[in-house]
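# Structural features, examined
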Amino acid sequence: MAARIPRIKSKDNRDNQTMMTPKSCLLLALYSILSASDLSAQTSAHQWEMKEIPFQVSEAPEQPFDLEFSATFTHSDGTEMTVPGFYNGGLEYLLRFTPPSAGEWIVSTQSSSKDLDEKQLTLTVQPAKAGAKGGIEIREDSPREFHYKNGELYYPIAFEVDWLFALDADNPDDIPRTRKLIDTATENGFNQIILNVFAYDVNWKKDPELKPKYDFGSPTSFPFGGTNQDPDHTTLNVEFFQRFDRVIEYLNEKDVAAHVMIYVWNKRVNWPEAASPEDNRYFDYVAKRYQAYPNLVWDISKEALGYGREGTGNYIAERVERLRKLDAHNRLITVHDYNFCKNNQEILDFISVQDWQTEMRSVMLNIRNEIPGKPILNIEHGGYEKGPYTVYTGSYIEPIACLERAYKTMFAGTFPTHYWQGMAWNVIIWDIDELPESERPQLQYYKHMRSLADRYPISSLLPDPRRSNSGHSLASKDNDLFLIFVPEENYSIAPWLPKELRGKKYSATWFDPLTGEFSEPVHKVLEKWNRFNNPDNGCFSILIVEIQKE
């Protein structure tokens, strides 16, 4: 899918990327006859940085979440974005807007409340701050890849922490546990965290040795009124969302994508009836409240088709369409369910896959071939690295086995996700330094993976089974860079490179995925047979062959 640009919208919100509306023409004219002081208010922001604009009402309506409230942001070049506002408790309503470009924006509100209707202000947007990257998009010229709005490549290495919302949900003042966990993730190369807006508890038996301080199942916080056991679905718990804001904000501060799953069916959540007014209110509120965060990635539901919610397939498709209409910022959308993704790929931005099969690289390569032209995230490959407590073992628990599956995902031209049993689901050991070294996860392996992805353009390389006599290969389009995954059992590897390269000089470097070390490159002239012995590093290795430029 092509990279997105802000939609120019007409009065009735229909997409129109080329035509200016009468209203936008009028507002453009205002720029030439009104000074900033003629407008009711002024405020400032930076490009790609979320701006929050508060409004007060004299009296909150009986159902404050359903009050119609939005604003049209009109740039001096005629670009329009109509952004929904939302209730923030008490007498306050908020607009959140992330400017896609610098310059002057006129903000005009629309509402069924006279307190919120026809308010106007000027938003002066400065150029992006140093280091700001903007939201995550699909590369227009290479639709298998992600990039930020500033053009910088984004290679996701994801980490699932379902209950991250709950770590500090009972702390009104601060999020120290959340910061510690997120800092640990970023220090180890992860730049996407997959989390639920809300989950309640697991269905399986818990480890009797599990310390209560690490069990965040059955949280007292709840996004609706009442409790999960005795819910009041007719209202929403604003405080829950205000505290969830802190999690998304810190992830954004750390340049970590918040891959937010709006629903989860199999974690004992007492949801309202599907597509009911109460369900729609919750869904719409999440969309309105979080769309402006630049680091946001939407996921309709974890394992969306796996647990039998009534009319799930059509319902999920309707949720995607509903989200598209609500989200003026056009954040990327996926669904944590490959069957849904495969059958509805045209309505999604990227594909999420959950598959535990042994031949991971072959499975992912087949999926890549089935779905051309979209990025593919292996969101759950059945590897759940062991921790001090048994949580959910899946099929693979040894750290190197889990790592190998992540690399095989990479070498299929798709993107990996990691689970550690001490941070996935209800169990969250937010400070791994509290554990004996023997019980800590080997997260540094993913730091090393990040170093490889930062050094080479992994996401632009193509899976190419013809490039070695064994192992798995990635090759550049120009045939000047080759990465070969060499299994531990291989004694040696023989790259089969294109005949037209014979006689050219090349360098060969080994990468150790357990230490992150790159060997000293060996320089040779390319021959018909080019054989290398596999280093004895206790696991698989990566051979990197670079053709030297003349």
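Counting from 1, residues in each chain are numbered in the order their sequence is written. Under the rules for a predicted model, residues below a pLDDT of 70 receive no local features and side-chain atom pairs below 80 are neither given nor counted, while totals for whole chains, interfaces and linings still include all residues. To obtain the side-chain values, all non-hydrogen atoms of the structure were used and water was disregarded.

A few words now on the overall build of the protein chain. Counting its secondary structure elements, the protein chain contains nine helices and 30 strands. Each radius of gyration reported is based on C-alpha atoms, and the globular scaling rule is 2.2 Å times the count of residues to the power 0.38. Here the protein chain has a C-alpha radius of gyration of 25 Å; the compact-globule value for 550 residues is 24 Å, and the two agree. Viewed in the frame of its principal axes, the protein chain has a C-alpha envelope of about 80 × 60 × 40 Å. Burial here depends on accessible area, computed with a 1.4 Å probe over protein chains only, as a share of the maximum for the residue type. Under 20% is buried, over 50% is exposed, and the range in between is partly exposed. For the protein chain, the proportion of its 550 residues judged to be buried stands at 59%. The contacts in the protein chain between residues at least 6 apart in sequence include a share of 72% that link residues at least 24 apart. Taken as a whole, the protein chain presents about 22,400 Å² of accessible surface, with 47% of it coming from carbon and sulfur. Counting rule applied: Lys, Arg positive; Asp, Glu negative; His and chain ends not counted. The atom standing in for a charge is NZ when the residue is Lys, CZ when it is Arg, CG when it is Asp and CD when it is Glu. The distance from the centre of the 59 positive side-chain charges to the centre of the 79 negative ones in the protein chain is 5 Å. Helix numbering and strand numbering both begin at the N terminus, where a helix is a DSSP run of H or I of at least 4 residues and a strand a DSSP run of E of at least 2. Contacts are residue-level and defined by heavy atoms, with any inter-residue pair within 4.5 Å sufficient. Throughout, the Shrake-Rupley method with a 1.4 Å probe supplies accessible areas, and for residues the shown protein chains are the sole cover considered.

It is worth spelling out the nonpolar core at this point. Generally speaking, nonpolar side chains in soluble globular proteins are found buried as a group. Definition of nonpolar core: a set of buried residues of the types Ala, Val, Leu, Ile, Met, Phe, Trp, Tyr and Cys, connected through side-chain atoms within 4.5 Å. Ranked by internal contacts, the top residues of the largest apolar core, which has 155 residues, are Phe73, Leu164, Ile193, Tyr282, Tyr407 and Leu483. Beyond its immediate chain neighbours, meaning those up to four positions away, Phe73 contacts Ile53, Thr79, Glu80, Met81, Val83, Leu95, Phe97, Trp105, Ile106, Val107 and Leu123. Counting 15 residues, the second-largest nonpolar core is a separate cluster that includes Ile484, Val486, Trp510 and Val545.

Relative to the assigned elements, Arg96 resides in strand E6 (residues 92-97). Taking the relative accessible area as the measure of exposure, Arg96 reaches 2% and is therefore buried. Polar contacts, as counted here, are pairs of nitrogen or oxygen atoms within 3.5 Å of one another; within protein the pair requires one atom able to donate a hydrogen and one able to accept it, and residues that are adjacent in sequence qualify only if both atoms are side-chain atoms. At 2.8 Å, the side chain of Arg96 and the side chain of Glu52 are in polar contact. Engagement of the side chain of Arg96 in a polar contact is seen with the backbone oxygen of Arg289, the distance being 2.8 Å. Here Arg96 is in contact with Met50, Lys51, Glu52, Val83, Phe86, Asp245, Arg289, Tyr290, Ala292, Tyr293 and His329, once residues within four sequence places are set aside.

Compared with the 20 Å implied by 1.5 Å per residue over 14 residues, the 20 Å span of helix H4 (residues 277-290) between its first and last C-alpha is a close match. Buried residues dominate H4, accounting for 12 of its 14 residues. Asp279, Asn280, Arg281, Tyr282, Phe283, Asp284, Tyr285, Val286, Ala287, Lys288, Arg289 and Tyr290 are the residues of H4 that are buried. Expected helix span is computed as 1.5 Å times (number of residues minus one).

The predicted model of the protein chain averages 91 in pLDDT, with 92% of residues at 70 or higher. Scored from 0 to 100, pLDDT reflects the predictor's confidence in each residue. Every residue in residues 1-40 is under pLDDT 50, and counting partners more than four places away or in other chains gives 84 contacts.

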